[in-house]
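Letter by letter, the chains look like this.
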Amino acid sequence: MSVLVLVLAVSAACCLGLGYVLQQNAAQHAPLSDFLSPRLLLDLVRMPRWLAGIGLMVCGMALGAVALGNGELSLVEPLLATNLLFAMALSRRQTRQPLGRQGWVGLALLAGGVTAFILAGQPTGGGDVAGPLRHWLIIGVMVGSALALTAFAKRSRLSAGPALLATAAGLLYGVQDALTRVSGQRFTAGGWLVLFTGWQPYAVLVLGVVGLIIVQSAFETASLRMSLPALTAAQPLAGIICGVGFLGDQLRTDAGALAWESAGLAAIVGGIVLLGVHPAMPRGGAPVERVPDVQPS
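The notes below deal with the structure included here. Fair warning: this is a prediction, and the values are worked out from it, not measured in the lab.

Reading the values: rules and limits
Residues numbered from 1 in each chain as written. Predicted model: local features only at pLDDT ≥ 70, side-chain atom pairs only at ≥ 80, totals over all residues. Heavy atoms only, no water. Axes fitted to C-alpha atoms, helices over the stretch in contact; angles between N-to-C directions. Helix = DSSP H or I, 4+ residues; strand = E, 2+ residues; numbered from the N terminus. Parallel < 35°, antiparallel > 145°, perpendicular 65-115°, else oblique. Left-handed = near helix turned anticlockwise from the far one by under 90°. Nonpolar A, V, L, I, M, F, W, Y, C, P; charged D, E, K, R; others polar. Buried < 20%, exposed > 50% of the residue type's maximum accessible area, 1.4 Å probe, protein only. Polar contact = N/O pair within 3.5 Å; in protein donor to acceptor, adjacent residues only side chain to side chain. Contact = heavy atoms within 4.5 Å. Expected span 1.5 Å × (residues − 1). Core = buried A, V, L, I, M, F, W, Y, C linked by side-chain atoms within 4.5 Å.

1. A look at the packing of helix α6 (residues 100–121) against helix α11 (residues 255–276)
In the contact formed by α6 and α11, the axes pass within 7 Å of each other and the chain directions differ by 155°. In terms of axis orientation, α6 runs roughly antiparallel to α11. The handedness of the crossing between α6 and α11 is left-handed. A breakdown of the residues in the contact of α6 with α11 according to their chemical character gives 16 nonpolar, eight polar and one charged.

In structure tokens:
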């Protein structure tokens, strides 16, 4: 693993984690009548804290895109999952909660899981890029699953709604990362003309906007504990599937390597859950306590 990719990916994770906390701080004050509507972004754009969070998120995405241009998706995605560590750092500063045993165990699982997956899998590029059928099949499954989760969360009155929305956004962001890498390869091969004559950069933009609306809806309806773990876990998993599935990323597949890769991914998810539900994470507003805005008749 190159030091450049490591620095870029961890810097991107830092910006993303801090940005998510600031976005949720602001989104919890948005009117529930804007739930899953583009109007939500119009309301949030008037909040300085949300703009700061979006600015950090954009910086994180830009750094992540450069990292993806210099490293494999299956290598960068686990590193991006460490954004929860930086979110925890800012949340602890806001809530003044000690890290405690749960926090230290979560931190160890997340960091250890990322290390185990990378060392065992040894992600490399250069494999055969899949044909259009598998390409579209994997993207279709990811996007279709995200839309299904969003529809279920919108219809459901269950408390799991924000987690379902965050999972949907994570799946879209994982696909967005894969298409960002493809866009970078097209730009390297032929410059701006080749880049903008393909559909990938436009898909990156659409996925980014739709994912943003979904994740802000998750942030506005529940605490960060309910949404950020699902978002942080779903994005790298979706990105790794896309990288191995159709971008030619290669992982070691002997029995020992597969066992350690699986254990690493399980540890990453476990660490994300422990850190995500830590008392240091701000509770935010509970949806049952908030009343949607009612327009006067």
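2. Remarks on unusual backbone geometry
When glycine is set aside, most residues are seen to have a negative phi, and most peptide bonds are trans. With a phi close to 55°, L36 is a non-glycine residue in the positive phi region. One non-glycine residue with positive phi stands out, namely Q122, at about 45°. On the secondary structure map, Q122 appears in the loop between α6 and α7 (132–155).

3. Considerations on the side chain of R181
Mapped onto the fold, R181 is located in helix α8 (residues 161–196). Here R181 falls in the buried class, since its relative accessible area comes to 9%. Within polar-contact distance, the side chain of R181 engages the side chain of D249 at 2.6 Å. Once residues lying within four places of it in the same chain are set aside, the contact partners of R181 are L68, G71, E72, L73, L247 and D249.

4. Let's talk about α6
In this model, α6 (22 residues) spans 31 Å end to end at C-alpha, consistent with the 32 Å of a helix rising 1.5 Å per residue. Every buried residue of α6 is accounted for by G103, G106, L110, G113, V114, A116, F117, I118, A120 and G121. Where α6 is buried, its residues touch α4 (73–80), α5 (83–95), α10 (224–246) and α11. Among the residues trailing α6, Q122 stands out with phi positive, at a value near 45°.

5. With respect to the nonpolar core
Nonpolar side chains tend toward joint burial in soluble globular proteins. In this structure, Y20, L84, L212, L228, L231 and F246 are the most contacted members of the largest nonpolar core, which totals 78 residues. The element that contributes the greatest number of residues to this core is α8, accounting for 12 residues. When residues no more than four places from it in sequence are discounted, the contact partners of L231 are Y20, A166, A169, G170, Y173, V215 and F219.

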